[in-house]
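Chain by chain, the residues:
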Amino acid sequence: MAWQLWSRSHGLVSVARLPAPVTTARRTVTDIQYYKEVDQSHLHLVEAQSTQRKFLLKLRQRAAWEEQREKRLIDQASRPWESEDVLTDQPSVAGYTPLPVRETTVYDRLLATARESGDCVPQKYKERESSTLLRLLASNIGRDKTAPHYRFHDDPYLIPYNAVQQRDFMLSKEGGRQAARFVRDNHPELFNDNLIEHEPQIKAFMPKAIFQENQASVESLKVFIAGYNVTEAWQTYEALDAAGQKIDNETLQALLELVSYYNGDPATVENYNEIAGLFYTEEITPWDGKCKAELLAQKMEPLSLESKMALMAGSAKFGNNARCWSLYLECATAQEPLNVTAYNAAILSNDPKTLTVNTAWANVELVLKEMRARKVAPDSSTLDCLFQVLNKFPKNPAMRQRASDLAFPLLAEFKQIGVPVWLSVYVKLIYIHRSREDQRGDLVKMILDELQGKDLTPKPNAESEWFFCLCMEGAKLMEDVALAYKIHDILMFGTNEIYLSDAKRSAHYYANFLDLVLKKEPLAVTMEFLSKFVPHVYPAKLDFYKELVGRVRREGALQYIPKIWTDLTISSFCGANRMLKNEAIDWFLGLILDIDTILDEDKGASEGVVTIAKEAFSEISTGGRRGVSPVSGNAMALPILEKILQIALREKNSEFLLQVLEFSFEWSRSLPRPISPELFATITDELIELREDDLLYKSVIYCSEATMVNAVEISQKICSVLELKPQEKIAINQLLSHDSMWVPLEL
Amino acid sequence: MFLARLPPRGRRLTSSPWSSLLPSCAIHTSSSLDKDSAGRYKVTVNRTRPLTYEMSFRPDDIMHKKGFNSFNTAQLENTFLTKEEIGQDLPHKMFLEDVFIRRFMYGTWPEALESTVLVKRQHNLIRIAAIINPRMRTQFVYFLIGYTEELLSFWLKCPVRVELQVAEKEDVVYKYI
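Residues numbered from 1 in each chain as written. Chains lettered and ligands numbered in written order. Predicted model: local features only at pLDDT ≥ 70, side-chain atom pairs only at ≥ 80, totals over all residues. Heavy atoms only, no water.

Caption draft 1: Here's a closer look at the overall build of chain B. In terms of regular secondary structure, chain B is built from three helices and six strands. Ordered by position in the sequence, the α and β elements of chain B form the string β-α-β-α-β-β-α-β-β. Taken over 177 residues, chain B has a buried fraction of 36%. Excluding contacts between residues fewer than 6 apart, the proportion of contacts in chain B whose partners are at least 24 apart in sequence is 55%. When the accessible surface of chain B is summed, it comes to about 11,500 Å², and 57% of that surface belongs to carbon and sulfur atoms. (Helix = DSSP H or I, 4+ residues; strand = E, 2+ residues; numbered from the N terminus. Buried < 20%, exposed > 50% of the residue type's maximum accessible area, 1.4 Å probe, protein only. Contact = heavy atoms within 4.5 Å. Areas by Shrake-Rupley, 256 points an atom, 1.4 Å probe, with all protein chains shown as cover.)

So this is what it looks like as structure tokens:
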């Protein structure tokens, strides 16, 4: 008001600052407070509606338009069609009047012509699933095996090159995510008042609902159940129960199903696939009388059929077989109609380890007969449960034979009725025949013939992931490389590779595959697979490289040495500790020394070998703290240094030889023993040729202090060519005076 | 006409009893301050100010010598002028979100970012790209990647991906001025 008075008195009129007329509609939705005022200005439409409202209006308008269009078409169809250009090849079905199609477009005319001439036949409409397009895209896009997995960054600094780094990086990323979730869960006000809209609301991007005792209500309980918040749902239920508030049966049933499914534990995190196999999975909570589901069931007495079925499924899943079977008998006695999940649970509850085999299988047959009597169709899970029981038969040959005799007819029968077989069933079939090496190979081949050319996705259960690992393990045991290739082909077909999404199983599979290829295939083939899989698909282990180096040594395949060395250094020797790393350097340098076929003319090979030796020297000579020897406590340091010296001598790289020798003299007190006398004699000969006077004098001191067996001989040789100062002669005489062979130097 | 009624320059209205309640209003008569200064950097005497490639070109060189720092391909085709009607994000919303993303990045990655932060919107995904220096341990970089992606996802209500490249500080310098 004051502003208006002042404005009028000064003759100022500002449209933007005047209050909005009452008749003008205000925008109800805008995310920025500041713009709420600006929206009333000339910058924005007067009487504008919210974006959501406009969108809904548009949808409503479109729906009305569609309805009118359909009505118009039906009206037209009900009238006799007068035009001649009508395609009337639609089949007439009783009660259905086909809609006439007017030939209006070029396409329609072309189609009609093609039909008449018989050039092409238009395809029939195909029913497609919602994921068909995604599957099609996935089938055309393969994984680039030379790049890191999508969960890592494709940057040299951020790429993991060994299994330890893979685990470290992934756990670090997961730690960051958990920190962010902690912020979200403990400070929901930062996210609740966020004005960025999302429609529809996505639970994953919303703050986690927190249990508050003073706000516990049936509605909040329903929200927690719908969001699979097991802990919060249970806390709310307890609070309501303590307050004596009545909860409807439907909500209680939903809560019972939730706690039965998870046995009261929190639900799995959303991005579990990324970290699968990197954590040690915690042990499952046992199902006993004090578990949450049983406590809730006590409150819900008398139990409904749905409640009993939920309890059966939960108790069978978490290993309380007795409880599950008693519930089943109770239902069977009362002639209550169970569903297939409950029957599957009943089958699973018959453990031959706790019951006798005959009792367990008799019970299973009883359940199957009842299923048939009640006309409950079995599913893939039923077959899986049956095989789970068979797999629990004792491991003696007679029982395994019995399990095998029962397994094949079951499999055939289920196939006959068209039940899809999960890979977990084949896993158990392989387990049943695991001890019978004679049958195992044929069995795996038979299964693979069945699976060839099939896309086995989606993955039905976690146990199916073991299928390819087990097959490859069998192929390795039988040393059948053709079988291994067949397994690998099936794995690579379509999107079947998801069966190795777990890091642990992937490592298991590729370790066996590469081991087999290394054993049975030419070295070139192994190196090709190595380039393809290592390090991004499978970070090879040090043992594999040891085997590989052994084979390179046997075959004298010099050309692969640089590649193997590069792989080893880039992967920090497969993430091995200092001791194993030094061992690896030692056996690798041993390989270079063993292969003495390096020709003098082949300068490139010689330079390559020296480069490897330099890198090996760098590995052991760096890393020590200031004033502390880098070779302190390193038992492998001296063997490595000796091998490096030998390589430097062989390749006649005097500069490098002197560098290594100076390092050996400098840290001689940290080394467990001196350089071997024979090698040292050769080195001194080289030094004499090079006329390195300073190092020659140091060599005399070194060999005499180390009391080498040939110290006198070496010293005499050096002193004969070296021009020594009087003080140096006195020092040498003092050091070697104890040896009777030593002839003192004349001063 | 009404200029004559205005008080002299620099003096507050004191004649009216409402003066303490009224907002001060005066016409600026100082020299204009409309000089373009955004995206322009002062030249130092000894030419020691490092500039990245992006910094070394002025804003009017965008699409000639350098690209945009924000890309939005999240809208439907031919709907730019009808965004509000069909419920899509308005340009000013996205601008402020981008400002927020950049501030968050500079705060979360202190002394690590060596380039401007690029924000790319594709479908419902926001990709944030930047160059960082290798001073941080790799594990810590991954921790911050996970933290940034998750927290920004909660705020922006859509999946966020951080795409980093690592380079030394000297490697991103295009020239010194």
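Caption draft 2: Geometry of the overall build of chain A. Helix and strand content of chain A: 35 helices and zero strands. Taking the intrachain contacts of chain A between residues at least 6 apart in sequence as the baseline, contacts between residues at least 24 apart amount to 65%.

Caption draft 3: Inspection of the sheet that holds strand 3 (residues 118-122) of chain B at higher detail. All names here are of chain B. Reading across from one edge, 2-3-4-5 is the order of the four strands in this open sheet, with mixed pairing throughout. Edge strands, defined here as strands with exactly one partner in the open sheet, are strand 2 (70-73) and strand 5 (160-166). Across the sheet, the axes of successive neighbouring strands diverge by a mean angle of 15 degrees, strand direction being ignored. Direction of pairing for strand 3 relative to strand 4 (residues 125-132): antiparallel, over a ladder of five bridges. Residue pairing in the sheet places Gln 122 in a bridge with Leu 125 of strand 4. Across the sheet, helix 2 (residues 91-108) is in contact with strand 2, strand 3, strand 4 and strand 5; its angle to strand 3 comes to roughly 130 degrees. Sheet contacts for helix 3 (residues 138-156): strand 4 and strand 5; angle to strand 5, the most-contacted strand, approximately 150 degrees. (Pairing = 2+ DSSP bridges. Axes fitted to C-alpha atoms, helices over the stretch in contact; angles between N-to-C directions.)

Caption draft 4: Helix 10 (residues 249-262) of chain A, seen in detail. All names here are of chain A. Taking 1.5 Å of rise per residue, the 14 residues of helix 10 would be expected to cover 20 Å, and the 20 Å separating its terminal C-alpha atoms lies within 8% of that figure. Among all positions in helix 10, only Thr 251, Leu 252, Gln 253, Leu 255, Leu 256, Leu 258, Val 259, Ser 260 and Tyr 262 are buried. Contacts from the buried residues of helix 10 go to helix 8 (218-226), helix 9 (230-242), helix 12 (292-299) and helix 13 (305-317). (Expected span 1.5 Å × (residues − 1).)

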